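The chain contents come next:
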Amino acid sequence: MRPTIVNLKAKNRKIGVLRVIFLLLTVSLMTACSRTTGTGIILAGSTSVQPYAEILAEEYMILYPDAEIDIQGGGSAAGITAAQSGTADIGMSSRALKTEEKSLWFVEIARDGLAVIVNPDNPVQNLTLNQLRDIYATAITDWSPMGGSTAKIHVITREEGSGTRSAFTELVMGKTEINPKAIVQDSNGAVLQLVKDDPNAIGYISLGLVNENVRALHLEGVAATRENVLNGSYNLTRPFLFVASSQPTGIAKQFIDFTISPQGQTILSSEGLIPPTEGTTK
Amino acid sequence: MKKFKENLSERIFLLIALSALSVLALITVFIFIHGLPIITKVGIFNFVFGMKWAPSQGAYGIFPMIVGSVSVTLGAAILGVPVAICCSIFLTEFAPSMLRNIFRPAIQLLAGIPSVVFGFWGVLYIVPLIRNYLGGPGLSILAGSIILAIMILPTIISISEVSLLALPQQYREGAFALGLTHWQTIYYLLLPAAKSGIVAAIILGLGRAIGETMAVIMVLGNAVAIPQSILDPARTLTTNIGIEMGYATGEHQQALFATGIVLFIIIMILNASAQYITRKK
Amino acid sequence: MKINPRTSQKIAKFVIWSAALLVIAILLAIISDILLKGIPTISWQFLSEIPRNMGRSGGISSSIVGTLLLTVVAVIIATPFGIGTAVYLTEYTRESKITRMIRFSAESLAGIPSIVFGLFGFIFFVTYLQMGWSILSGGLTMAIMILPTIIRTSEEAIRTVPNLYREVGFSLGATKWQTITKTVFPSALPGIANGIILSIGRCVSETAAVILTAGSALRMPTSLFSPTRTMAVHFYILAREGLSTENAYGTAALLLILIFLINVVFNMLVNRFVSKGR
């Protein structure tokens, strides 16, 4: 049998491992409070706002290299909840706040159009709001009443916590429910991909994200373009909000100031967003 | 001194075991505590058999998701089990040893592919195929079943293989001596003898299928209604949690934990069955 | 209709070989698609730059680092506790109803869907403990997730070590501790290592539980409290949003290669250790 020294080494090794773990945890706990020491903020929420927030954050971090801005998705509802609970410094929302959320601090950073998209091969060009509502309530089930084929419509919607969906429900559906048979996807991009591949699909996404792979329908004869949103003729629009549990300070405040500054607004406009309506800060 | 070291090492291990087990107990208790209130409020029958899931209206019936989970898992079993059993027979009975050394690692490789990759591949290739040749949006129970069948193959194959290998060689030798063909030996002798192990393998594969989330979110369509055909989109218990957990609060969140409880119970029943079947042998 | 046994043998052989070939074909289809389209994207730039423009350009260095950190945290926490528990259950306790119950619980927990762990981790670590989306939140969640598997595989590996080994140790006057560390443990090592490799693979591939505990931030993590986007999560987001097919494939290819390497390297290490110990 080996001498005792080797055995002691084995036991020490085991205790040593435990010590290392303990040390790791303590060290990380001590060094890593960048959130509370104010060099980092987290934005969370709307997947529609997220790409634009990312671009803003990239620009901001070029100007101020010490800042650490992290962006998280999850949907508008998740963002509002995270802001309320403090998990995020700023929540991103792509819909107006509900009555029970009105106690939150918020600022409108831009407006965005809501485009209803179909596959480029779909002959249908225009829908009335009533037809759109009926399609999503599954009162109309195939494309022929609107001038398309007799193929069944594949209705695509967003998940319940999505600000985009809330905006759509508010502006188009009213009191009518979206049929539970509708396919649910969890981001603008996913809806876009689906409509791109399926000739019979219909979905709604952020106007700024429409590309050459899909076609935005005219609503009540009005084309879904940025100009028409600006001049008010296309009225499927929703606000992009930054929300917080209380008036932001520190880096959060600086980042928000950057966003609504002319520099920030130019970035957003060049990406296809519309300037916010006047006087919408709390 | 030696006695002291002995006691110390036993104490250390006890401490480690207790902390680990208490953590696992914590998470179980946490899930039950957060999920039970909604079940008692809505009633277990209404929760499990309720046809409508609409949290914004306070409707918390998970039956559509149960149908989704069961259909997709059954579909995966129908498609996957025959192929898996054939492959395990291949490994133990038909493959020359060189092929065996390629096939077995290949199955391990299949097991290592992340579920998001399976989902991605499914969306790219399986979903359009179904949409163009069978109809419907393509995002469907059929698509989910195909992808899940592929994903549970390694589980079923490896455990079945172990059961078949465990059979004593005398079985095979005796059968040959009696003049049975290879296939007759397998079908009438080996498979029935390894039955309990194979059934356990299938049950574990089903457990894996029920628990899968990411691949299913990508190919199943996530519609909240009860599917009427295998070409319809559907939502499973797991994908329901996955899609809604980011923003669920209050009762909605409790309902998701309650769904977790249901999944817990399903897995425990499956595991208990698998253990019972292997013990019966 | 009675089929000639010879014919049934031929048919069976055909069906079984077809099944095996089908599985190989599917495996090749998936892997070749990912690797052929993904490897061209992997370059030194891809590996060393952080994602820019939502991941449309730049590389995935932050994801690689995040994935490694998350896995390391999870494995470092779970492994000692898992192996220690397994050792205690097999060596220091007698087979009883309690140990059977514990074994059953560990087995069941190993089969619980990862999304349930993710839900727990999000509510407990991220929100309740206010740890936020962070590598630590994700790592702790993953540690809890892989703990049952490590306990189970370690326990099985230790149990299958023949009692003879232990008896020889005792007869030579060794303490329990010495017997465990010098005889039982090295013998059980391949089985234990297998469980650890499985768990590492799970950490690297896991998406559902990670996206809501470790977050999906693109920056290079600066501490364990930073959020991070692991490679699996990054791949998922790129693929879903259709932001960049090339980068999605590149990430997936890297992920596959990483998992493959983990399996191969670990198997090699274990074989070396085992043969050295002989």
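Just so it is clear, the structure is predicted and the values come from calculations on it, not from any experiment.

**Q** Before we go on, may I ask you to explain the overall build of chain A in this structure?
**A** Along its length, chain A carries nine helices and eleven strands. A sequence separation of at least 24 residues applies to 74% of the contacts in chain A between residues at least 6 apart.

**Q** Explain the overall build of chain B to me, please; I cannot follow it from the model alone.
**A** A count of helices and strands for chain B gives twelve helices and two strands. Listing the helices and strands of chain B from first to last along the sequence gives α-α-β-β-α-α-α-α-α-α-α-α-α-α. Summarising its shape, the C-alpha atoms of chain B cover approximately 75 × 70 × 30 Å along the three principal directions. When the 281 residues of chain B are sorted by exposure, 54% land in the buried category. Excluding contacts between residues fewer than 6 apart, the proportion of contacts in chain B whose partners are at least 24 apart in sequence is 72%.

**Q** When you look at the domain arrangement of chain A in this model, what are you seeing that I'm missing?
**A** By a frequent convention, interface size equals the accessible area lost on bringing the separate parts together. Residues and elements named next belong to chain A. Taken domain by domain, chain A holds domain 1 (2-111 + 240-270) and domain 2 (113-230). Counting from both sides, the interface comprises ten residues of domain 1 and, opposite them, ten residues of domain 2. The residue inventory of the side of domain 1 that touches domain 2, partitioned by class, reads two nonpolar, seven polar and one charged.

**Q** How should helix H5 (residues 114-128) of chain C be read in this particular structure?
**A** The periodicity of an α-helix, 3.6 residues per turn, causes residues three or four positions apart to be oriented the same way. Residue and element names in this part refer to chain C. If you check H5, its first and last C-alpha atoms are 20 Å apart, about what 15 residues at 1.5 Å a residue would give, namely 21 Å. Gly-121 marks where H5 bends most, by close to 30°. Counting buried residues along H5, 13 of its 15 residues qualify, which places the element largely inside the surrounding structure. At the C-terminal side of H5, Gln-130 shows a positive phi close to 55°.

**Q** I keep staring at the interface of chain C and chain B and nothing clicks. Help me out?
**A** Tallying the contact residues gives 64 residues for chain C and 59 residues for chain B. Among the elements that take part in the side of chain C that touches chain B, helix H1 (residues 5-38) of chain C stands out by supplying 19 residues, more than any other. Tallied by class, residues from the side of chain C that touches chain B come to 45 nonpolar, 14 polar and five charged.

**Q** How should I be thinking about the pairing of strand S6 (residues 154-158) of chain A in this particular structure?
**A** Along a regular strand, successive side chains alternate from one face of the sheet to the other. Residue and element names in this part refer to chain A. Most of S6 sits out of view: five of its five residues are buried. Pairing analysis gives two bridges linking S6 to strand S8 (residues 201-206), with the strands arranged parallel. Considered in S8, the bridge of His-154 is made with Ala-201. Across three bridges, the pairing between S6 and strand S7 (residues 183-185) is parallel. Paired with Thr-157 across the two strands is Val-184, which belongs to S7.

**Q** Just checking my understanding: could you explain the pairing of strand S3 (residues 90-93) of chain A for this structure?
**A** Residue and element names in this part refer to chain A. Burial along S3 is two-sided: the face carrying Ile-90 and Met-92 and the face carrying Gly-91 and Ser-93 are both buried. Two elements, strand S1 (residues 40-45) and S3, share three bridges in a ladder whose sense is parallel. For Gly-45, the partnering residue across the bridge sits in S3 and is Met-92. Here S3 runs beside strand S11 (residues 237-244); their pairing, made up of three bridges, is antiparallel. Across the sheet, residue Ser-93 finds its bridge partner in S11, namely Leu-241.

**Q** Whenever I open this one, the packing of helix H4 (residues 97-112) of chain B against helix H6 (residues 141-165) of chain B confuses me. Can you help?
**A** Angle between the axes and distance between the axes are the two parameters that describe a pair of packed helices. All names here are of chain B. Between H4 and H6, whose axes approach to 8 Å, the crossing angle comes to 140°. Between H4 and H6, the crossing angle belongs to the class labelled oblique. For the element pair H4 and H6, the recorded crossing hand is left-handed. Across from Ile-107, Gln-108, Leu-110 and Ala-111 in H4, the residues of H6 making contact are Leu-153, Pro-154, Ile-157 and Ser-158. A per-class count over the contact of H4 with H6 returns six nonpolar, two polar and no charged.

**Q** Is there a simple way to explain the packing of helix H3 (residues 63-94) of chain B against helix H9 (residues 195-211) of chain B in this structure?
**A** Residues and elements named next belong to chain B. Where H3 meets H9, the axes come as close as 10 Å, and the angle between the chain directions of the two elements is 140°. Judged by the inter-axis angle, H3 sits oblique to H9. Between H3 and H9 the crossing geometry is right-handed. In contact with Ser-69, Thr-73, Ala-76, Ala-77, Gly-80, Val-81 and Ile-85 of H3, H9 contributes Ile-198, Ile-202, Gly-205, Leu-206, Ala-209 and Ile-210. Across the contact of H3 with H9, the residue classes break down as nine nonpolar, four polar and no charged.

**Q** How do you make sense of the confidence of the model for chain B when you look at a structure like this?
**A** Low pLDDT means the predicted atomic positions in that stretch should not be read closely. Here chain B shows a mean pLDDT of 90. Residues at 70 or above account for 99%. Listed scores for the predicted complex are pTM 0.89 and ipTM 0.89.

**Q** What is the right way to read the environment of Leu-148 of chain B from this model?
**A** Residues and elements named next belong to chain B. Position of Leu-148 relative to the elements: it lies in helix H6. The class of Leu-148 is buried, set by 31 C-beta atoms lying within 10 Å. Residues Leu-148 and Ile-243 lie 95 residues apart in sequence; the distance between their C-alpha atoms is 19 Å. Setting aside anything within four residues of it in sequence, one finds Leu-148 in contact with Val-72, Ala-76, Ala-209 and Glu-212.

**Q** I keep staring at unusual backbone geometry and nothing clicks. Help me out?
**A** Peptide bonds are trans in most cases, and residues, glycine excluded, mostly fall at negative phi. A positive phi angle, close to 50°, is found at Glu-220 of chain A, a residue other than glycine. Note that Glu-220 of chain A resides in the loop between strand S10 (218-219) and helix H7 (226-230). Residue Glu-220 of chain A is classed as partly exposed on the basis of its C-beta count, with 15 C-beta atoms lying within 10 Å. Positive phi, close to 55°, is recorded for Gln-130 of chain C, a residue that is not glycine. As for its placement among the helices and strands, Gln-130 of chain C is situated in the loop between H5 and helix H6 (135-159). Taking the C-beta count within 10 Å as the criterion, Gln-130 of chain C has 12 such neighbours and is therefore assigned exposed.

**Q** How should I be thinking about the environment of Phe-124 of chain C in this particular structure?
**A** Secondary-structure assignment places Phe-124 of chain C in helix H5. C-alpha separation for the pair Phe-124 of chain C and Val-210 of chain C, spaced 86 residues apart in sequence, amounts to 14 Å. With residues up to four places along the chain from it excluded, the contact list for Phe-124 of chain C reads Phe-30 of chain B together with Leu-129 of chain C.

**Q** So what exactly am I meant to see when it comes to helix H3 (residues 61-92) of chain C here?
**A** A rise of 1.5 Å per residue sets the reference length of H3 of chain C, with its 32 residues, at 46 Å; its end C-alpha atoms lie 45 Å apart and thus fit the reference within 8%. Its axis deflected by about 30° at Ala-78 of chain C, H3 of chain C carries its strongest bend there, up to four residues before the proline Pro-80 of chain C.

**Q** Got a minute to help me understand the environment of Val-168 of chain C in this structure?
**A** For Val-168 of chain C, the location among the structural elements is in helix H7 (residues 163-171). Separated by 19 residues in the primary sequence, Val-168 of chain C and Ser-187 of chain C place their C-alpha atoms 14 Å from one another.

**Q** What am I meant to see in the confidence of the model for chain A here?
**A** With 84% of its residues at a pLDDT of 70 or more, chain A shows a mean pLDDT of 85. Ignoring residues within four places in sequence, the model shows residues 30-37 of chain A, a span with pLDDT below 50, making 14 contacts including any to other chains.

Calculation notes
Residues numbered from 1 in each chain as written. Chains lettered and ligands numbered in written order. Predicted model: local features only at pLDDT ≥ 70, side-chain atom pairs only at ≥ 80, totals over all residues. Helix = DSSP H or I, 4+ residues; strand = E, 2+ residues; numbered from the N terminus. Contact = placed C-beta atoms within 7 Å. Buried ≥ 20, exposed ≤ 12 C-beta atoms within 10 Å, placed from the backbone. Domains from an automatic or database assignment. Nonpolar A, V, L, I, M, F, W, Y, C, P; charged D, E, K, R; others polar. Expected span 1.5 Å × (residues − 1). Bend = angle between axes of the 7 residues up to and from the residue. Pairing = 2+ DSSP bridges. Axes fitted to C-alpha atoms, helices over the stretch in contact; angles between N-to-C directions. Parallel < 35°, antiparallel > 145°, perpendicular 65-115°, else oblique. Left-handed = near helix turned anticlockwise from the far one by under 90°. pLDDT = per-residue confidence, 0-100.

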